[in-house]
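# Chain and residue survey
Each chain, written out:
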Amino acid sequence: MELDVLGLSEETQLVYTALVGLPRSTASALADTCALPVSTTGRLLSGLVKDGLATRSAGRPPHFTAAAPDIAVTALIQEREHRLDAARSLVQRLIETHREAHRISRPDIAVELLTDWKEISAAVHRLTTGSQQQVRAFDRPPYIDRPGSDLEDQVRRRRTGVTHRVIYDRAAVAWPGRLTADILPSIRTGEQARVRTELPLKLVIQDSQAAIIPFSLAPGGHSAAYLIHRSPMLAALEALFEAEWEHAVPLRDTSPLAERSGQPDAETRALLVLLTVGNTDAAIARTQGWSQRTTQRRIHRLMTELGASTRFQAAALAAQRGWL
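Within each chain, residues carry numbers counting from 1 in the order of the written sequence. Totals for whole chains, interfaces and linings use every residue, but because this is a predicted model, local features are given only for residues with pLDDT of at least 70 and side-chain atom pairs only at 80 or more, for both listing and counting. Based on all heavy atoms of the structure, the side-chain values leave hydrogens and waters out of the count.

Below, the discussion takes up the sheet that holds strand E10 (residues 249-251). Pairing between two strands requires that DSSP report at least two bridges joining them. The way it works is that DSSP assigns letters per residue, a run of H or I at least four long becomes a helix, a run of E at least two long becomes a strand, and they are numbered from the N terminus. Across the sheet, which stays open at both edges, the eight strands sit in the order E3-E9-E8-E7-E4-E5-E6-E10 with mixed pairing between neighbours. Both edges of this open sheet fall to strand E3 (111-114) and E10, since each of them pairs with a single strand only. Adjacent strand axes in the sheet meet at a mean angle of 20 degrees when their direction is disregarded. Judged from the six bridges that link them, strand E4 (residues 134-139) and strand E5 (residues 163-169) form a sheet pairing that is parallel. Its bridge partner being in E5, Val135 is matched across the sheet by His164. As a rule, the C-alpha atoms of each element are fitted with a line to give its axis, helices using only the stretch in contact, and angles between N-to-C directions run from 0 to 180 degrees.

For the rest of this paragraph, the subject is the confidence of the model for the chain. Residue-level confidence of the predictor, termed pLDDT, takes values from 0 up to 100. Residues with a pLDDT of 70 or more make up 87% of the chain, whose mean pLDDT is 81. The lowest-confidence element of the chain is helix H4 (residues 69-105), averaging 68 in pLDDT; the highest-confidence one is strand E7 (residues 203-206), averaging 95.

In this section: helix H6 (residues 151-159). The cut-offs for exposure are 20% and 50% of the maximum accessible area for each residue type, with area from a 1.4 Å probe on protein chains only; residues under the lower value are buried, those over the upper are exposed, and the others partly exposed. Looking at H6, one finds that the buried residues are Asp153, Gln154, Arg157 and Arg158. Angular distribution of buried residues about the axis of H6 spans 130 degrees; they occupy a single face of the element. Among the exposed residues of H6, those oriented more than 90 degrees off its buried face are Glu152 and Arg159. Should any heavy atoms of two residues lie within 4.5 Å, those residues are counted as being in contact. On its buried face, H6 is in contact with helix H5 (117-129), E5 and helix H8 (178-188). Two residues or fewer after H6 comes Gly161, characterised by a positive phi angle close to 95 degrees. Arc definition: directions from the helix axis to the C-beta atoms.

Moving on: the environment of Val155. Tracing the chain through its elements places Val155 in helix H6. Exposure remark for Val155: the relative accessible area of 25% places this residue in the partly exposed category. Through-space distance from the C-alpha of Val155 to that of Gly190 is 7.8 Å; in sequence the pair is 35 residues apart.

Attention now goes to the pattern of salt bridges. Note on definitions: salt bridges are taken to be side-chain nitrogens of Lys or Arg within 4 Å of carboxyl oxygens of Asp or Glu. Taken as a whole and assessed by the stated rule, the structure comprises seven salt bridges. The salt bridge involving Glu238 is made with Arg136; its shortest N-O contact spans 2.5 Å. With Glu238 in helix H9 (residues 232-247) and Arg136 in strand E4, this residue pair connects regions lying 102 residues apart in the sequence. Taken individually, Glu238 and Arg136 each receive the classification buried, so the pair is uniform in this respect. For the salt bridge of Arg178 with Asp139, the shortest nitrogen-to-oxygen distance reads 2.8 Å.

Another point: the packing of aromatic side chains. Two rings belonging to Phe, Tyr or Trp (six-membered ring only in the last case) form a pair when the distance between their centres is within 6.5 Å. Interplanar angles under 30 degrees mark stacking, angles over 60 mark edge-to-face geometry, and anything in between is tilted. On inspection of all chains with the given rule, the structure shows three aromatic pairs. Between the aromatic rings of Phe215 and Tyr226, the centroid separation amounts to 5.8 Å while the plane-to-plane angle is 50 degrees, which identifies the pairing as tilted. Of this pair, Phe215 sits in the loop between strand E8 (210-214) and strand E9 (225-229) while Tyr226 sits in strand E9, placing them 11 residues apart in sequence. With a relative accessible area of 48%, Phe215 lands in the partly exposed category. By relative accessible area, which is 28% here, Tyr226 ends up partly exposed. Ring plane angle 20 degrees and centroid distance 5.8 Å describe the contact between Phe241 and Trp245, whose orientation is recorded as stacked. Of this pair, Phe241 and Trp245 both sit in helix H9, four residues apart, roughly one helical turn. Across the pair, exposure class does not vary: Phe241 and Trp245 are buried alike. The rings of Phe138, Phe241 and Trp245 are connected pair by pair, giving a single aromatic cluster. Here the basic side chain of Arg165 rests over the ring of Trp245, its NZ or CZ set 5.0 Å away from the ring centre. Lysine NZ or arginine CZ positioned within 6 Å of the ring centre and within 35 degrees of the ring normal marks a charge as sitting over the ring.

Next comes the structure, spelled out in structure tokens:
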């Protein structure tokens, strides 16, 4: 049994392995089996007991029994994993401290290249949680993490006065389950959301202090990203966001609580949102969990109710009625 990968010394492995086959052994008996001094064997057995790999019985001389290997080794593995996780966290904090120290000493460095997905995810989290005024974002695939907002964090930050403005790409809205399970609940917590048929890039802006964009939107391109500090480049990204915001279609709460007399139900309002950004019947069906035939039937019924001959006209008439 090779346990050196778990941090056990060669002698400790030798004693534990022998003890597995010789339960209720004394230190003297194990010393003979392992060809080790009794004092060394006794010290190693005490270490095994401390680590939960063996038990000691009362009496003189004490007898030792190995803990079941499946339980004992699993516990060792878990402990090793905890230590590795702690080490990774420490390294990440040191990386961030090192980066910030170098940036302060070189204030002319406006752009940093991040090349690890964990580093990118941590940077995005740092920007969103560290904002003091507002978070602005372009949301579109591809994603590093599973798409979806941390609603509890959003609510907590908004209570401190932080504004969230997000523009969603049509593909983000059409992501199965995303509209009803994430985007609309975020709107109910106070997020200001709009949608565009297509966004030019992914983007997160923290106040007017920093932003992050992917290296590329091509397959695999999201594994690298640029972290941009205050500079003319950041100002250009802020201007791009505001220009897209002006042309984007507002997304509003479609929950039953938002319905008023004469208003459509939640599913119809969600359907209107998906139609507005040009989603296909297949995309709408996937998003809403409907069959394609049901989707086509609902679209036809909606167009008939609005007196529209095209989808575009249906969206325009719905907006006139205050449904969007």
